[in-house]
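Spelled out from the first residue to the last, the chains are:
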Amino acid sequence: MLTLAFESSAKAASVALCDGGTLIAQSTQICGQTHSVTLLPMAQDLLKNAGKTLEDVELFAVAHGPGSFTGIRIGVSTVKGLAWGCDKPAVGVSTLEAMAWNGVAFGEGELLCCVMDARRSQVYNALFTVQNGRPRRLCPDRAISLEELAGELEQLGRTAHLIGDGTEVAEKFLTARGLPVCPAPENLRWQSGYGVAMAALDAEPGTADQVLPVYLRLSQAERERQERMKKE
């Protein structure tokens, strides 16, 4: 199935074109520009260079969260619009699961700790292990404090490969606790459209209406509103 996959949940903007599990083309930028400016031009150039059109695409996939509230909305809205316009199926996948596909390179049986900086001493996180050449989930996606994550990794007693834009903050905290961690190199650290396409292979395609953001926690504005309401 020819899949056009989008990733915009954090700093990296990435688009990939895959035929099943085979990567045909991928474009990634970490340049600081808003994803609303970069995503569609990247997709257009990628399809053109691959000799494909939107009509050739059989499935649109997107990382629907967790991550940046704005980035998630941009990615989800982009895929909704394309799926509606082309009358093609679409699917949203976990950002963390998509990231875990980068960790397959670390080898069979390795522990993958996918982390995205959620601020307030928290990370969006999920743990995986590499099994039969693919990531196998060990826990659900969650917003978790670094202290709680450290406790879990301490109990596991294994070296954890850190993947994601939360790698730096997690590595600093976890190494201070004496825990064995191994940060992924730059080329495997950032979210990618390829990971989204691979995660989509295990997801059930649906309509554009069914692709919804997954935030895991309230936005800052919503939290502040609730705090004001409690005081009142």
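The rules behind the values
- Residues numbered from 1 in each chain as written.
- Predicted model: local features only at pLDDT ≥ 70, side-chain atom pairs only at ≥ 80, totals over all residues.
- Heavy atoms only, no water.
- Helix = DSSP H or I, 4+ residues; strand = E, 2+ residues; numbered from the N terminus.
- Rg over C-alpha atoms; globule rule 2.2 N^0.38 Å.
- Buried < 20%, exposed > 50% of the residue type's maximum accessible area, 1.4 Å probe, protein only.
- Phe/Tyr/Trp six-rings, centres within 6.5 Å; stacked < 30°, edge-to-face > 60°.
- Pairing = 2+ DSSP bridges.
- Core = buried A, V, L, I, M, F, W, Y, C linked by side-chain atoms within 4.5 Å.
- 1 Å grid on protein atoms, 1.4 Å probe; cavity = no way out; pocket = protein on both sides within 12 Å on 5 of 7 lines; lining within 4 Å.
- Points joined across faces, edges and corners; volume = space filled by probe spheres on them.
- Nonpolar A, V, L, I, M, F, W, Y, C, P; charged D, E, K, R; others polar.
- Contact = heavy atoms within 4.5 Å.
- Polar contact = N/O pair within 3.5 Å; in protein donor to acceptor, adjacent residues only side chain to side chain.
- Salt bridge = Lys/Arg side-chain N within 4 Å of Asp/Glu carboxyl O.

Draft legend 1. Up close: the overall build of the protein chain. Looking only at helices and strands, the protein chain has eight helices and eleven strands in total. Since a compact globule built from 232 residues should have a radius of gyration of about 17 Å, the 18 Å found for the protein chain is in line with a globular shape. Considering only C-alpha atoms, the protein chain reaches an extent of 55 × 50 × 30 Å along its principal axes. Every one of the 232 residues in the protein chain was classed for burial, and the buried ones make up 48%.

Draft legend 2. View of the packing of aromatic side chains. Across all of its chains, the model carries one aromatic pair by this definition. With a centroid separation of 4.6 Å and an interplanar angle of 10°, the aromatic rings of Phe-69 and Tyr-215 are classed as stacked. Residue Phe-69 is located in helix α2 (residues 69–86), and its partner Tyr-215 is located in the loop between α7 (193–200) and α8 (220–231); the two are separated by 146 residues in the primary sequence. For Phe-69, a relative accessible area of 16% gives the class buried.

Draft legend 3. Here's a closer look at the pairing of strand β4 (residues 59–65). The buried fraction of β4 amounts to seven of the seven residues, a majority that puts the element mostly inside the structure. Two elements, strand β1 (residues 2–7) and β4, share four bridges in a ladder whose sense is parallel. The residue bridging Leu-4 from the neighbouring strand is Phe-60, located in β4. Two strands pair when backbone bridges link them, and β4 and strand β5 (residues 90–94) are joined in this way by five bridges, in the parallel orientation. Residue pairing across strands places Ala-63 opposite Val-93, the latter belonging to β5.

Draft legend 4. Expanded view of the nonpolar core. In terms of nonpolar packing, the biggest core is built from 33 residues, with Cys-113, Cys-114, Leu-149, Leu-153 and Leu-174 touching the most fellow members. Examining the composition of this core, we find that seven residues originate from one element, strand β6 (residues 111–119), more than from any other. Counting 23 residues, the second-largest nonpolar core is a separate cluster that includes Ala-13, Leu-46, Ile-74 and Ala-208.

Draft legend 5. Focus on the pairing of strand β3 (residues 22–29). Across seven bridges, strand β2 (residues 13–19) lies against β3 in antiparallel orientation. What sits directly across from Cys-18, in β3, is Leu-23. The turn joining β2 and β3, which pair antiparallel and follow one another in sequence, is formed by two residues; a positive phi near 65° is taken by Gly-20.

Draft legend 6. Inspection of α7 at higher detail. Within α7, seven of the eight residues are buried, leaving the element largely enclosed by the surrounding structure. Of all the positions in α7, only Gly-193, Gly-195, Val-196, Ala-197, Met-198, Ala-199 and Ala-200 are classed as buried.

Draft legend 7. The arrangement of the layout of surface pockets in detail. As a volume, the second largest pocket reaches approximately 180 Å³. Gln-26, Asn-102, Asn-187, Trp-190 and Ser-192 are, among the 13 residues lining the second largest pocket, the residues nearest its centre. If you list the elements that add at least two residues to the lining of the second largest pocket, you get β3 and α6 (186–189). Tallied by class, residues from the lining of the second largest pocket come to six nonpolar, six polar and one charged.

Draft legend 8. Geometry of the environment of Glu-152. By the secondary structure assignment, Glu-152 is in helix α4 (residues 146–156). Excluding its chain neighbours within four sequence positions, the residues that come into contact with Glu-152 are Leu-127, Arg-142 and Ile-144. Of the polar contacts made by the side chain of Glu-152, one reaches the side chain of Arg-142; its length is 2.8 Å.

Draft legend 9. The arrangement of the pattern of salt bridges in detail. By the definition in use, this model includes seven salt bridges. The partner of Glu-152 in a salt bridge is Arg-142, with the nearest N and O atoms 2.8 Å apart. Pair noted here: Glu-152 is in helix α4 and Arg-142 is in strand β9 (residues 142–145), with a separation of ten residues, a long-range link. Judged by relative accessible area, which is 28%, Glu-152 ranks as partly exposed. A salt bridge links Glu-147 to Arg-177; the nearest nitrogen and oxygen atoms lie 2.6 Å apart. Of the two residues, Glu-147 is situated in helix α4 and Arg-177 in the loop between α5 (167–176) and β11 (181–183); the sequence distance between them amounts to 30 residues. Among the charged side chains, a network of salt bridges with common partners joins Glu-97, Arg-137 and Asp-141.

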